[in-house]
Amino acid sequence: MTRLSRRNLLKGGLAAAGAGAAVMLNPAWTTAQTMQQTKTIGTETYDAVIVGAGVAGLACAIEVHDQGGKPIVLEKMGRPSGNAIFALGSVCVTGTRVQKQQGIDDDTVDKFYEDMMKVSIQRADPELTRYYAENSAEAAHWLMDVIGVKFLKIIKAPYPRFGRIHRIDGEGLTGGSLLIRKLLAEAKKRNITVLYHAKAVELLKNDKMEVTGVRALTPDGLKEFNAKGGVLIASGGFSANREMVTMYMGGWAANLATRGSPYVTGENITLTKPLFAQLVHMDQFHGGPIVAETHVNPADILNAGYGIIVSMQGKRIIDEAGTYVAKAKTLPRVTKENRAFQICDANSKNPQLEKMIKKYTYLNSPFYQANTIEELAKAAGLPPEETVKTVEGYNEALKNNALRQLTPPNTLKSPYSVDQAPFYAFPFEGGMTATFGGPKINVRAEVVNTERQPIPGLYAAGNAAGGLFYDDYIGGCQIGGATIYGRVAAKEIVKRSKKA
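Basis of the calculations
- Residues numbered from 1 in each chain as written.
- Predicted model: local features only at pLDDT ≥ 70, side-chain atom pairs only at ≥ 80, totals over all residues.
- Heavy atoms only, no water.
- pLDDT = per-residue confidence, 0-100.
- Contact = heavy atoms within 4.5 Å.
- Helix = DSSP H or I, 4+ residues; strand = E, 2+ residues; numbered from the N terminus.
- Buried < 20%, exposed > 50% of the residue type's maximum accessible area, 1.4 Å probe, protein only.
- Axes fitted to C-alpha atoms, helices over the stretch in contact; angles between N-to-C directions.
- Left-handed = near helix turned anticlockwise from the far one by under 90°.
- Nonpolar A, V, L, I, M, F, W, Y, C, P; charged D, E, K, R; others polar.
- 1 Å grid on protein atoms, 1.4 Å probe; cavity = no way out; pocket = protein on both sides within 12 Å on 5 of 7 lines; lining within 4 Å.
- Points joined across faces, edges and corners; volume = space filled by probe spheres on them.
- Polar contact = N/O pair within 3.5 Å; in protein donor to acceptor, adjacent residues only side chain to side chain.
- Salt bridge = Lys/Arg side-chain N within 4 Å of Asp/Glu carboxyl O.
- Phe/Tyr/Trp six-rings, centres within 6.5 Å; stacked < 30°, edge-to-face > 60°.
- Lys NZ or Arg CZ within 6 Å of the ring centre and 35° of its normal.
- Parallel < 35°, antiparallel > 145°, perpendicular 65-115°, else oblique.

A. Examining the confidence of the model for the protein chain more closely. Taken over all residues, the pLDDT of the protein chain has a mean of 92, while the share at 70 or more is 92%. Here residues 1-32 is a poorly scored stretch, pLDDT under 50, and it has six contacts once near neighbours within four places are set aside; other chains count.

B. A look at unusual backbone geometry. Across the junction of Tyr159 and Pro160, the peptide omega takes the value 0 degrees, indicating a cis bond. Checked against the element boundaries, Pro160 lands in the loop between α6 (126-145) and β4 (165-167). Although it is not a glycine, Asn191 adopts a positive phi angle of roughly 60 degrees. As for its placement among the helices and strands, Asn191 is situated in the loop between α7 (175-189) and β5 (193-196). Residue Asn191 is classed as exposed on the basis of its relative accessible area, which comes to 69%. Of note, the phi angle at Phe276 is positive, near 65 degrees, even though the residue is not glycine. With respect to the secondary-structure elements, Phe276 resides in the loop between α10 (267-270) and β10 (279-280).

C. Representation of the packing of helix α3 (residues 55-66) against helix α16 (residues 477-499). Between α3 and α16, the shortest axis-to-axis distance is 7 Å and the interhelical angle comes to 35 degrees. Note on packing geometry: the crossing formed by α3 with α16 is right-handed. Two secondary-structure elements touch here, α3 through Val55, Ala56, Ala59, Cys60, Glu63 and Val64 and α16 through Ile479, Ala482, Thr483, Gly486, Arg487, Ala489, Ala490, Lys491 and Val494. Partitioned by chemical class, the residues of the contact of α3 with α16 number 10 nonpolar, two polar and three charged.

D. Fine view of the environment of Ala377. Tracing the backbone shows Ala377 in helix α14 (residues 373-380). On a C-alpha basis, the gap between Ala377 and Tyr424 in space is 9.6 Å, while along the polypeptide they are 47 residues apart.

E. Quick peek at empty space enclosed by the protein. Tallied over the entire structure, the rule returns two cavities of 30 Å³ or more. Of the volumes computed, that of the largest cavity is approximately 140 Å³. Gly462, Asn463, Ala465, Leu468 and Phe469 are the residues nearest the centre of the largest cavity, which is lined by 17 residues in total. The element contributing the most residues to the lining of the largest cavity is α16, with five residues. A breakdown of the residues in the lining of the largest cavity according to their chemical character gives 10 nonpolar, seven polar and no charged. Considered as a void within the structure, the second largest cavity measures approximately 60 Å³ in volume. Around the second largest cavity, the lining residues are Met116, Val119, Ser120, Ala124, Thr129, Leu468, Phe469, Asp472, Tyr473, Ile474 and Cys477.

F. Broad picture of the side chain of Thr335. In this fold, Thr335 is placed in the loop between α12 (324-334) and β13 (340-344). Looking at Thr335, its side chain comes within polar contact range of the main-chain oxygen of Leu331, at 2.9 Å. Within polar-contact distance, the side chain of Thr335 engages the backbone nitrogen of Asn338 at 3.0 Å.

G. Spatial organisation of the pattern of salt bridges. Following the criterion strictly, the structure yields 22 salt bridges and no others. The shortest N-O distance in the salt bridge between Asp300 and Lys355 comes to 2.8 Å. Of the two residues, Asp300 is situated in helix α11 (residues 299-303) and Lys355 in helix α13 (residues 353-362); the sequence distance between them amounts to 55 residues. Judged by its relative accessible area of 26%, Asp300 is partly exposed. Measuring nitrogen to oxygen at the nearest pair gives 3.7 Å for the salt bridge that ties Lys378 to Glu374. Separated by four residues within a single helix, Lys378 and Glu374 lie in helix α14, roughly one turn from each other. Given a relative accessible area of 57%, Lys378 falls into the exposed group. The network of salt bridges with shared partners includes Asp66, Glu186, Lys189 and Arg190.

H. Quick peek at the packing of aromatic side chains. Evaluated as defined, the whole model comprises 14 aromatic pairs. For the pair Phe238 and Tyr248, a centre-to-centre distance of 5.7 Å together with 55 degrees between the ring planes defines the contact as tilted. Within this pair, whereas Phe238 is found in the loop between β8 (221-233) and α8 (242-249), its partner Tyr248 is found in helix α8, the two being separated by 10 residues in sequence. Among the residues examined, Phe238 registers a relative accessible area of 0% and is labelled buried. A ring pair is formed by Tyr424 and Phe426, whose centres lie 6.2 Å apart and whose planes are at 10 degrees; its orientation type is stacked. Judged on exposure class, the residue Tyr424 and its partner Phe426 are both buried. Members of the aromatic cluster, joined through ring pairs, are Tyr360, Phe367, Tyr424 and Phe426. It is Arg130 that lies over the ring of Tyr113; its NZ or CZ is 4.2 Å from the centre.

I. Region of interest: the packing of α3 against α7. The N-to-C vectors of α3 and α7 enclose an angle of 25 degrees; their axes lie 10 Å apart at closest approach. By the criterion of interaxial angle, the relationship of α3 to α7 is roughly parallel. Remark: the crossing between α3 and α7 carries left-handed chirality. Contact residues: Val55, Leu58, Ala59 and Ile62 in α3; Leu179, Ile180, Leu183, Leu184, Glu186 and Ala187 in α7.

Printed below as a string of structure tokens:
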């Protein structure tokens, strides 16, 4: 019989503490060990196992099939629930026949590449960006010819969009939502399995750390899906995961409202991190204004160049000259509430006022109208005296050509006064649309590890992948990137499966 002593108790306690520390220091390892010890209900084998039924995942599945492979798509929700269904459906490309039909011939791949790099402040991966620019037209043609997408007439826009934005005809839906429906229809024609309520919980691997499949939680239990060619992570980023947002960006960012899907929760990180994937651009994201309760997007009124932005205390807090992205990202840094109002008047030249009134009204999203600033402030719940003082101070500074001396300055090139009744107040919050960070990929859509070597059998595309975007992106490049790199992954996976 072992005699219990203080020394033995301490030794046992320290050993237990050491085991506990190992669990806390390496939760991914512990989770993987736990999963490996859990029984599965069966296995299935495919050429490609795809995690996520978004643009990248469905494009990959269709391309795998058309290349002669057998794919399966695992979707954790009961339907496609990523950011694409909220998207307007812009695809940013150059060199298409749509442009040629409209006589838009003043762009080149080189110019497009340079603008993409400039928008990313030269921090995006040059090879990924170059490949995107060179293959963007072919991606648009594939969407038209294979998927059946129709693009609306191109409207030339200011830098950096120019004549590159191909807006999907949503036929009464958002363009992104219709695109998902068309991708699903094409997958169904090909008898591609899209398995819903199948949450990927672990990547399977052999003793060489080559990815061989996915273990997923299905309604019937854990099931293994073997992949002869490889696994594509197309689950989106982590914008709806407040823990990850706080970890990688800071608490201020966690106060941002969610502009996209509430189900984009970071499987691109949790699945790939145990394989030592190189995670890049983790503090980067696309932001924009939103009314969280109704999902109204007031970006147009914020970019119109009319009116001022005031806090809940009735004070100007942001330079109105910034883009809607800059304003949305700034708001939670300068206010505790992450809430503000765009106040504007009935200036007949304002091109967005009537549009915004209709949008807020249609979506039952409250906004406020009054014949005086004092009445407007009372209706919106702002302090009347301070709000009147702010508007009058702005108008006086405009009259004296002293807007740049205000705090914060107003640097609009052509500012307008706020003095024509009726007056309007449109509430908004800063929101996060999508994260840019994730496992770094190369131009073959392969995920690379911390030694910058490809992880065999592991691919990523769309917002699940890192490297293509930094700081900002040209509108329409997210759907473009998902299409391009989803199909790249498909071709690589099929080639690899044929060698297996």
